[in-house]
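Geometric and topological summary
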Amino acid sequence: MTNAKIQYRPDIDGLRALAILPVLLFHARFPGVTGGYVGVDLFFVISGFLITRIIAREIDEHRFSIIRFYERRARRILPALLPVIAVVLVAAAVLFLPSDFKGVPPSALAATFFVSNILFFSEIGYFQTGADTKPLLHTWSLAIEEQYYIFFPILLILIARFLPRWRKPIVAAIALVSFAMAVATQGDGSGFAFYWLPPRAWELFMGGLLALNVFPEVRRPLAREGIAAAGLIAVLAAVTCYDNHTVFPGVSALAPVLGAVAMIHCAPGTATGRLLSWRPFVAIGLISYSLYLWHWPLIVFTEYATAERLAGVTQWMVLAASFALAWLSWRFVERPFRDRGTMSRRTIFIASGAGMAFVALGCAALLPLGGWPQRFPADVTRMAAGASDFSPYRARCHDADPARGRPACVLGAPDTPPTAMIWGDSHGVEMAYVLSQMLARRGQTLIERTLSSCPPIPGQPFAEAPDCERINRDVMASILADPNIKTVYLAAFWASPAYADPQTLARLDNTIARIIDAGRKVVLIGPVPPNLFDVPRQLQRLARQGRLSEAIGRDRRDIAAAEARIGEVAARWQGHGLEYINPADTLCATGRCILLHDGHPLYFDSHHPSVAGAALILAPLSREHATN
């Protein structure tokens, strides 16, 4: 590093604008930016470049101070972040229903201490609310950055002390290992590659390598023009061509990351650099941090309050409000706290510590309240309970895979060999629990074999469940090998379009044939009518407004095609070893499907039956068992 003064580069603020605008437009559901999420990757590269440039320069000049470094981080990050967290807590307490509020204090606490990425990773699964009820979900990226900056300065200090000539190779090697980890985990569906620092660190390291002058200087003007323009095109291509089906991050993150590296490296003095230095872009870049902080809570709370996705005028209103709050935050919060003449190091540390303590204490006070149901009438609390009305064995028994150390559960009477099995996707989990209770009363048990997004159809792959084909093959083999299994229950999300093609139905028919030919009885549980909304949340809204009597689900005609498809398969085997349970006969007997029975929600989300729902659907079997 040279001793020359680090010059301000307006094109980097313009690059910040290029990072935040796609994120904002993507989250606000504007068309044409289906890959807008890559803006976060640009932020990682920019941050890695700028911070590494400062750290390496100060280390080389023997004046680096950890205290001063974290003072800068505190000035930069905390003053704008803590008010957002506080406002989110207050707004969620006013707007969110119990089932949605309970997740806010933990996420606020995690965001305050920069571990929200780990929290959100741990919450991946059926039991957690979606992004539309997580107003602090976007803080995962801040957590990754701050975790990175715990270790990175120490790494550079140690290298400078013991292996100064190896700084570039060591940093490059660590970046390569991180990228290899990202590629290795990019498609596993666990969220590890997305949320955790190790597979994300390479993006920050790429900016750092640029700051360490690993990339050779490009002197020829034409080459600089081409590289900078190619970088811009790569980023725009990712923004417009990627979507939620793109495997990301990993190899696909190379386009935005290398695009950002190319622009930082070569943009000055080029047409791309002049575009990025355009004053409106620079102005947006200056407020980009506050804009990032405020836009997502505004979107979440607006959609929650209106019970509708952003569209039309509402999109533009949220956009305008985001910019207004971002400017106010930048002008009256960010700038004063960054001014060392206004606020000393001692003051910034005391203010930061006090602010974090205040927010943490608020979260600690709210955590024991759970969803804080005392805010609402009893009917709301009762409806909120529907979101938790899933099988108590779901976490332990769902997604069993004996070949990988997750043995299948045997449910029902204790110490009794199983005489039945339920086989299916996640729609079978609550059915398994209800059936196990029925069988337990008769001193019997069943095996639960359920796997998410994997219907009981051997021989057919399903993209959402990479292990489906192998596990289905094993389940079928286990049925045929165990003569004690007399009855096999088949349950799946048969109303899903993913299960509607003729090949799938033909293979379902073949599955039933193989089981019946082996002398076993099949009980086929037909399509559960899905809804267009989260049922417990909708019921809570209605209860809050005193309109619970208006709760109603889909018109039965909406699922007529699914009923016909599965009904046709069932008709071929009824009377020949198959019993058919059609949920719509119970849930939609009047032509409109019900959401409540005896005051209990029949779904725990939009389409999975709750335990109460499964009990109602399987009531004909319960009556049959009672008479046998």
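Heads up: the structure comes first, above all this text.
Residues numbered from 1 in each chain as written. Predicted model: local features only at pLDDT ≥ 70, side-chain atom pairs only at ≥ 80, totals over all residues. Heavy atoms only, no water.

This part covers the overall build of the chain. Looking only at helices and strands, the chain has 27 helices and eight strands in total. Computed over its C-alpha atoms, the radius of gyration of the chain comes to 28 Å, within 12% of the 25 Å expected for a compact globule of 628 residues. Taken over the C-alpha atoms alone, the chain extends approximately 90 × 50 × 45 Å along its principal axes. Taken over 628 residues, the chain has a buried fraction of 53%. (Helix = DSSP H or I, 4+ residues; strand = E, 2+ residues; numbered from the N terminus. Rg over C-alpha atoms; globule rule 2.2 N^0.38 Å. Buried < 20%, exposed > 50% of the residue type's maximum accessible area, 1.4 Å probe, protein only.)

Cis geometry is found at the peptide bond from Phe 248 to Pro 249, where omega equals -5°. Mapped onto the elements of the fold, Pro 249 is located in the loop between helix 11 (221-241) and helix 12 (254-266). Located in the positive-phi region is Asn 213, a residue other than glycine, with phi close to 65°. Considering the arrangement of structural elements, one finds Asn 213 in the loop between helix 10 (197-211) and helix 11.

Right, let's get into the state of the cysteines. Within this structure, the stated rule accounts for three disulfides. Residue Cys 397 pairs covalently with Cys 409 via a disulfide, S to S 2.1 Å. Its S-S torsion of about -90° marks the bond between Cys 397 and Cys 409 as left-handed, since a negative value means left-handed. Here Cys 397 is found in helix 19 (residues 394-397), whereas its partner Cys 409 is found in strand 1 (residues 409-412), with twelve residues between them in sequence. The residues Cys 397 and Cys 409 share a single accessibility class, namely buried. Between the sulfur of Cys 454 and that of Cys 468 lies a disulfide, 2.0 Å long from S to S. As the torsion about the S-S bond is roughly 80°, the Cys 454-Cys 468 disulfide counts as right-handed. With Cys 454 in the loop between strand 3 (445-450) and helix 21 (468-481) and Cys 468 in helix 21, this pair connects stretches of sequence that are 14 residues apart. (Disulfide = S-S within 2.5 Å.)

Moving on: a nonpolar patch on the surface. A grouping of Ile 66, Ile 154, Ile 157, Leu 158, Phe 162, Leu 163 and Trp 166 is seen on the molecular surface, where their side chains present a nonpolar patch of about 660 Å² in accessible area. Considering every element that reaches the nonpolar patch, the biggest residue donor is helix 7 (residues 140-162), with four residues. Among the structural elements, Leu 158 can be located in helix 7. Classification of Leu 158 as partly exposed rests on a relative accessible area of 44%. (Patch = residues over 30% accessible without salt bridge, like charges linked within 9 Å, V, L, I, M, F, W, Y side chains within 5 Å. Areas by Shrake-Rupley, 256 points an atom, 1.4 Å probe, with all protein chains shown as cover. Salt bridge = Lys/Arg side-chain N within 4 Å of Asp/Glu carboxyl O.)

Attention now moves to the packing of helix 3 (residues 66-95) against helix 5 (residues 104-112). Contact geometry for helix 3 and helix 5: axes closest at 10 Å, N-to-C directions at 175°. Between helix 3 and helix 5, the interaxial angle falls into the category roughly antiparallel. Contacts from Leu 81, Leu 82, Ile 85, Val 88, Leu 89 and Ala 92 of helix 3 reach helix 5 at Val 104, Pro 105, Ala 108, Ala 111 and Thr 112. Its residues placed into classes, the contact of helix 3 with helix 5 shows ten nonpolar, one polar and no charged. (Axes fitted to C-alpha atoms, helices over the stretch in contact; angles between N-to-C directions. Parallel < 35°, antiparallel > 145°, perpendicular 65-115°, else oblique. Contact = heavy atoms within 4.5 Å. Nonpolar A, V, L, I, M, F, W, Y, C, P; charged D, E, K, R; others polar.)

Turning our attention to the packing of aromatic side chains. Applying the stated criterion to the full structure yields 29 aromatic pairs. Measuring from ring centre to ring centre gives 6.1 Å for Phe 64 and Phe 69, while their planes differ by 50°; the resulting arrangement is tilted. Using a relative accessible area of 17% as the deciding quantity, one classes Phe 64 as buried. For Phe 69, a relative accessible area of 2% gives the class buried. Between Phe 462 and Tyr 499, the ring centres sit 5.7 Å apart and the planes meet at 80°, which makes this aromatic pair edge-to-face. Residue Phe 462 is found in the loop between strand 3 and helix 21, and its partner Tyr 499 is found in the loop between strand 4 (487-491) and helix 22 (502-517); the two are separated by 37 residues along the sequence. (Phe/Tyr/Trp six-rings, centres within 6.5 Å; stacked < 30°, edge-to-face > 60°.)

Below, the discussion takes up the pattern of salt bridges. Per the stated rule, a full pass over the model turns up 36 salt bridges. A salt bridge links Asp 100 to Arg 537; the nearest nitrogen and oxygen atoms lie 3.1 Å apart. Here the residue Asp 100 occupies a position in helix 4 (residues 98-101), and Arg 537 occupies one in helix 23 (residues 535-544), the gap between them amounting to 437 residues. When sorted by exposure, Asp 100 lands in the same class as Arg 537, which is buried. Residues joined in a network through salt bridges with shared partners are Arg 57, Glu 58, Glu 61, Arg 63, Arg 68 and Arg 72.

Strand order in this open sheet of six strands is 1-3-2-4-5-6, and the pairing throughout is mixed. The sheet terminates laterally at strand 1 and strand 6 (578-581), the two strands that pair on one side only. Within this sheet the neighbouring strands show an average axis-to-axis angle of 25°, counted without direction. Taken together, the five bridges between strand 2 (residues 420-424) and strand 4 define a ladder with parallel strand orientation. The residue bridging Ala 420 from the neighbouring strand is Thr 487, located in strand 4. Helix 20 (residues 429-440) rests against strand 1, strand 2, strand 3, strand 4 and strand 5 (521-525) of the sheet, and its axis sits at about 175° to strand 3. Together, strand 2, strand 3 and strand 4 form the strand contacts of helix 21, whose direction differs from that of strand 2 by roughly 160°. (Pairing = 2+ DSSP bridges.)

With that settled, the discussion passes to the side chain of Thr 270. Inspection of the secondary structure puts Thr 270 in the loop between helix 12 and helix 13 (271-276). Judged by relative accessible area, which is 1%, Thr 270 ranks as buried. Among the polar contacts listed, one links the side chain of Thr 270 to the backbone nitrogen of Gly 273, at a separation of 3.0 Å. Every residue in contact with Thr 270, bar those within four places of it in the chain, is listed here: Arg 224, Glu 225 and Ala 228. (Polar contact = N/O pair within 3.5 Å; in protein donor to acceptor, adjacent residues only side chain to side chain.)

Here we come to helix 20. Its twelve residues place the ends of helix 20 16 Å apart at the C-alpha level, agreeing with the 16 Å of an ideal helix rising 1.5 Å per residue. Buried residues dominate helix 20, accounting for ten of its twelve residues. Val 429, Glu 430, Met 431, Ala 432, Tyr 433, Val 434, Leu 435, Ser 436, Met 438 and Leu 439 are the residues of helix 20 that are buried. (Expected span 1.5 Å × (residues − 1).)

On to the environment of Glu 308, then. Of note, Glu 308 is situated in the loop between helix 15 (288-306) and helix 16 (313-338). By relative accessible area, which is 55% here, Glu 308 ends up exposed.

With respect to the helices, strands and loops of the structure, Gly 577 is situated in the loop between helix 24 (560-573) and strand 6. Spatially, the C-alpha atoms of Gly 577 and Ala 513 are 9.4 Å apart, while their sequence positions differ by 64 residues. Residues in contact with Gly 577, not counting those within four places in the same chain, are Ile 516, Arg 520, Lys 521 and Val 522.

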